[in-house]
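Here's the letter readout for the chains.
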Amino acid sequence: MRAMTVTTGKADSAAVGEVEEPPDSDGSILVEGLLTGICGTDVELVSSGFGRGRPGSDHLVIGHESLGRVLEAPEGSGFSPGDLVAGVVRRPDPEPCPACARGEWDFCRNGLYTERGIKEMDGYGAERWRVDPYFAAPVPQQLGHLGVLVEPASILAKAWEQVDRVGSRSWYGPEQVLVTGAGPIGLLAALIASQRGYGVHVLDRATEGPKPELVRALGGTYLTDLADLHVTPDVVIEATGAGQVVFDCAKLLAPAGVMCLTGISPGPATIDVPLDALNRQLVVRNAALVGSVNAAKRHYADAVDLLQAADKAWMEGLITRTVPLSEWPSALAREPEDIKVVVDLQR
Ligand code: BGC
């Protein structure tokens, strides 16, 4: 069958590969791959060659943002042929560490976790894949192809949970939210903020393309310059990974404010910052910076709920390009108006 492959340890080796059918050991549910989303992790994985396939394999099937249709599922698995599913990305480490033992593989302590399509496990970018029922998130039929947004939305379901948990260390009643970066992660963060009734402000560099309108459709304000932010953010969801943006926004946090860092900048960047001043600001305001990566099983269910409550046309607007599997490497090249690019695994 065809799959989105990269050669282990080799940069820029993205190819339409011919691979074996998925082994039974990947799980008892056999799935027909429909779509897979491309994100910054995939772009970086391909350009740097850091992805690792199954132990001993010379290639990795990538794709961790998945949507598929069940072909075969055992009785009692909770799934039937025809059901839509999204696969969970991370698997607990084999030891397991105390966090993984509690289903908190997103908080794995020893780094021995594995990830479909990224770290020592083949991903979901294939015509067929298998998954264990426990690691399969049911996607309601009504979501249809928008189910490919479940995995990225799970990242935000977790990030917002982190914000709420940190915020709840004292009285908590956020009103104004700043989101930095209007890519899929930033826009989904803004979606959640608007669903919760918060004031939404999104900062991005783009002056053209669909981003400003997508933000306005949420009732939010779109900024290309932080100087135009006229509120004090109680919460910042940072989705650029750019050090300067992190620094500039951390300074703006309201008393007891929380800033959640969800992005990683691709290259090593050095900036000179007056860190003592920031330190003072964070201390005297009880402000918190918290990093957040990946998601646990419950966040996939939360993601489904929040997508179901969202406007379909708005979500359609996030998917700006669909590339057939036969040409999937072209999905990695960023085009100016791209937000989420997806690969159609059936073409
Ligand atoms: C994925 C996460 C994953 C992370 C690091 C992200 O793109 O969405 O699930 O943990 O990359 O590998």
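A look at the layout of surface pockets
Any empty space left between atoms is shown by rolling a water-sized probe over those atoms.
(1) Moving on: Here the second largest pocket is characterised by a volume of approximately 190 Å³.
(2) Moving on: Around the second largest pocket, the lining is made up of 17 residues, and of these E20, P23, R54, V61 and D122 lie nearest the centre.
(3) Moving on: The class makeup of the residues in the lining of the second largest pocket is seven nonpolar, three polar and seven charged.

Some remarks on the sheet that holds strand β12 (residues 176-180)
(1) Moving on: Pairing is parallel across the open sheet formed by six strands, whose spatial order is β14-β13-β12-β15-β16-β17. Edge strands, defined here as strands with exactly one partner in the open sheet, are β14 (221-223) and β17 (288-291). Adjacent strand axes in the sheet meet at a mean angle of 20 degrees, parallel and antiparallel pairs treated alike.
(2) Moving on: Examined bridge by bridge, β12 and strand β13 (residues 199-203) share five bridges and lie parallel to one another.

Description of the pairing of β17
(1) Moving on: Judged by which residues are buried, β17 turns out to be one-sided: A288 and V290 face inward and are buried, whereas L289 and G291, on the alternate face, are not.
(2) Moving on: As defined by bridge partners, strand β16 (residues 258-261) adjoins β17 across four bridges and the pair is classed as parallel. Bridging across to β17, L261 finds its partner in G291.
(3) Moving on: As for the winding sense of the linkage, the β-α-β connection from β16 through helix α7 (residues 275-284) to β17 is right-handed.

A short note on the domain arrangement of the chain
(1) Moving on: Assigned domains of the chain: these are domain 1 (2-139 + 311-344) and domain 2 (154-291).
(2) Moving on: A C-alpha centroid distance of 28 Å is found between domain 1 and domain 2.
(3) Moving on: Listed per partner, the contact involves 11 residues of domain 1 and 14 residues of domain 2.
(4) Moving on: Note on domain 1 versus domain 2: buried area summed over both sides is about 1100 Å², and carbon and sulfur give 73% of it.
(5) Moving on: The largest share of the area that domain 1 buries against domain 2 comes from W314, E337 and I339, three residues that together contribute 54% of it.
(6) Moving on: Taken together, domain 1 and domain 2 are joined by one salt bridge.
(7) Moving on: Across the pair D106 and K158 runs a salt bridge, and its minimum N-O distance is 3.1 Å.
(8) Moving on: Applying the counting rule to domain 1 against domain 2 returns two residue pairs in polar contact (both at pLDDT 80 or more).
(9) Moving on: In terms of residue class, the side of domain 1 that touches domain 2 is made up of four nonpolar, two polar and five charged.

Criteria and thresholds
- Residues numbered from 1 in each chain as written.
- Predicted model: local features only at pLDDT ≥ 70, side-chain atom pairs only at ≥ 80, totals over all residues.
- Heavy atoms only, no water.
- 1 Å grid on protein atoms, 1.4 Å probe; cavity = no way out; pocket = protein on both sides within 12 Å on 5 of 7 lines; lining within 4 Å.
- Points joined across faces, edges and corners; volume = space filled by probe spheres on them.
- Nonpolar A, V, L, I, M, F, W, Y, C, P; charged D, E, K, R; others polar.
- Pairing = 2+ DSSP bridges.
- Helix = DSSP H or I, 4+ residues; strand = E, 2+ residues; numbered from the N terminus.
- Axes fitted to C-alpha atoms, helices over the stretch in contact; angles between N-to-C directions.
- Buried < 20%, exposed > 50% of the residue type's maximum accessible area, 1.4 Å probe, protein only.
- Right-handed = clockwise from strand over helix to strand, strands pointing away.
- Domains from an automatic or database assignment.
- Contact = heavy atoms within 4.5 Å.
- Buried area = accessible area lost by both parts, 1.4 Å probe.
- Salt bridge = Lys/Arg side-chain N within 4 Å of Asp/Glu carboxyl O.
- Polar contact = N/O pair within 3.5 Å; in protein donor to acceptor, adjacent residues only side chain to side chain.

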